[in-house]
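Fold and geometry: a report
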Amino acid sequence: MAPGLRAPCPGGAGVSSGRTWWTLALCLMAASLPGPQAQVVQVNDTVSGFIHTNVVLHCSFANSSPNVKITQVTWQKATNGSKQNVAIYNPAMGVSILAPYKGRVEFRNPSFNDGTIQLSEIQLQDEGVYICEFATFPTGNRESQLNLTVLARPINTMVRTSKTLIATSGKTEKIIVATCTSANGKPTSTVSWETKLKGEAEFEEIRSNNGTVTVISRYRLIPSREAHGQELTCVVNYQLDRFTNTTVLNVQYEPEVAIEGFDGNWYLNRADVKLMCNSDANPPATSYRWRMLNGTLPETVEEQNNTLFFRGLVTYNLAGTYICEATNTIGTKSGLVEVNVTEFPFIPTSPEQPQQNEQQGLSPTIIWILVALALVLVLGLAVVLFLLRRRHHTFKGDYSTKKHVYGNGYSKAGVPQPPPPAHSLHYPDDSDDEKKPGQLGGSSYEEEEDERKPGPRYEEEAKRPYFTVEEDTQEYGEDGTLGFQYEPEPLDIAENMVSQNDGSFISKKEWYV
């Protein structure tokens, strides 16, 4: 069996409900015959072609037995349950083409085993089921059928609206700006839009009696200045084909005015200044008119179309509000600028200079971070110095500390000394100078003792003991002894005490705090 062709009913397949009972019987008879005796008709399952093109309908007769004669080959079209003859080949009578296929159908190579035909200039009405039939003797007729599909490429067009698009302030009605049509397509095509415009599309399908479909899409938007010059593209997809058509919108709008020329640096005696009235309009502005908000234009002004030329040097008379009105066929719009005149010129700093400085130096953020770190270091150093100084005054020679030494109240701990006479125990109050630290942890009071000359008073003061309480608060008895003394505490001096330069002792715990 040739590729792409099929038998009418192998194993019962290929039998359609439209066939008559005798066709089914012939299929069963052919299937029941031995292999060499089987007679089958081979055709393509489906054939398709575009309208106005040519298609070939293949048909062949296989396994022909020498005892079987081919008497006729007939092509028919199944229409509403009946059969209509298309073309007939009879070895004895020749070829016959029936209406409405005359002139459009021919046998490619008619013979006892080949019934292939060509159908030219196919039309939509040619679509349907076609049957190839071989009449044999004495076995009877053999046939197979195929489906012919006729395709129609759509006619794609896009039409821009003939209505003039005018942008009007406050207008909110959306109008049709373009229509895209994909007409008489089979199968149905799809239509879409590609654009940056802010509009919306609407779609419509129209089906005809011949099976074709026309798709119409309309694009609506509100005409605006922003829509002018924008592209609008219609896209049609039909099977594997892609069709595009682009239009550029032309929206008319009234002028939009901007005045240039005043740089904010008009000063006395400056020369060659001017103002220019620029307008964005479609169609372009055709006329310009200058005026002052309060008063008339200066006498030194020369008006040339959209430009004001100021002849001579700048004076205070040029200051004021200048208005320019631009007009086109759509309307008139105006713009204004406030001009002020200064006595001296203003020299602005180049905008590139700060940027260069910032690139060459450090950024403000980094500078602030460095300042904060420096402050933290300074504060930390001040705290450390304060703590060290406080420790030095408290434990290395501070006079107030020496008045709280441990012991029995005498200059040497644990060694009893006779108390001095009552008249020799009177001392003046401590002065501020005595509380200042001296060299090697001693006080200024001790330095003064060293500088005293030998004498009776010096010898008596040298025997003066150190007390654990303030001396001027003690009371003495009639015999010259203290009215109150601390009892000596048994201490291990070597382990618990630290010797001072003046001969006193303090505890190790207090020394190492």
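This text follows the structure it describes.
Since the model is a prediction, treat every value here as computed from it, not as a measurement.

To continue, consider the overall build of the protein chain. Within the protein chain, the secondary structure is distributed over eight helices and 30 strands. Per-residue burial over the protein chain gives 36% buried out of 513 residues. Counting only contacts in the protein chain whose residues sit at least 6 apart along the sequence, the fraction spanning at least 24 positions is 60%. Looking at the protein chain as shown, the accessible area adds up to about 31,700 Å², and 54% of this sits on carbon and sulfur atoms.

Moving on, we come to the packing of aromatic side chains. Between two aromatic rings, the relevant description is the distance of the centres plus the angle of the planes. With the rule as written, the count across this model stands at six aromatic pairs. Pairing Phe262 with Trp266 gives two aromatic rings, centres 5.5 Å apart and planes at 75°, and the pair type is edge-to-face. Cluster of aromatic residues (ring-pair linked, three or more members): Phe262, Trp266, Phe310 and Tyr322. A cation over an aromatic ring shows up here: Arg153 above the ring of Phe50, its NZ or CZ 3.7 Å from the ring centre.

Between Lys186 and Pro187 the backbone carries a cis peptide bond, its omega angle lying at 0°. If you trace the backbone, Pro187 turns up in the loop between strand E14 (175-185) and strand E15 (190-195). The backbone phi angle of Asn269 is positive, close to 70°, even though this residue is not glycine. Tracing the backbone through its elements, the reader meets Asn269 in the loop between strand E21 (266-267) and strand E22 (271-282). Overall, the relative accessible area of 57% leaves Asn269 in the exposed class.

Position of Thr321 relative to the elements: it lies in strand E26 (residues 320-327). On the basis of relative accessibility, which here comes to 12%, the residue Thr321 falls in the buried class. Residues Thr321 and Arg291 lie 30 residues apart in sequence; the distance between their C-alpha atoms is 8.7 Å. Those residues in contact with Thr321 that lie beyond four places of it in its chain are Arg291, Met292, Leu293, Leu336, Val337 and Glu338.

Taken in spatial order, the six strands make up an open sheet running E2-E11-E10-E5-E6-E7, and their pairing is mixed. Only two strands of the sheet have a single neighbouring strand rather than two, namely strand E2 (46-50) and strand E7 (94-97). Adjacent strand axes in the sheet meet at a mean angle of 25°, parallel and antiparallel pairs treated alike.

Each value, and the rule that gives it
Residues numbered from 1 in each chain as written. Predicted model: local features only at pLDDT ≥ 70, side-chain atom pairs only at ≥ 80, totals over all residues. Heavy atoms only, no water. Helix = DSSP H or I, 4+ residues; strand = E, 2+ residues; numbered from the N terminus. Buried < 20%, exposed > 50% of the residue type's maximum accessible area, 1.4 Å probe, protein only. Contact = heavy atoms within 4.5 Å. Areas by Shrake-Rupley, 256 points an atom, 1.4 Å probe, with all protein chains shown as cover. Phe/Tyr/Trp six-rings, centres within 6.5 Å; stacked < 30°, edge-to-face > 60°. Lys NZ or Arg CZ within 6 Å of the ring centre and 35° of its normal. Pairing = 2+ DSSP bridges. Axes fitted to C-alpha atoms, helices over the stretch in contact; angles between N-to-C directions.

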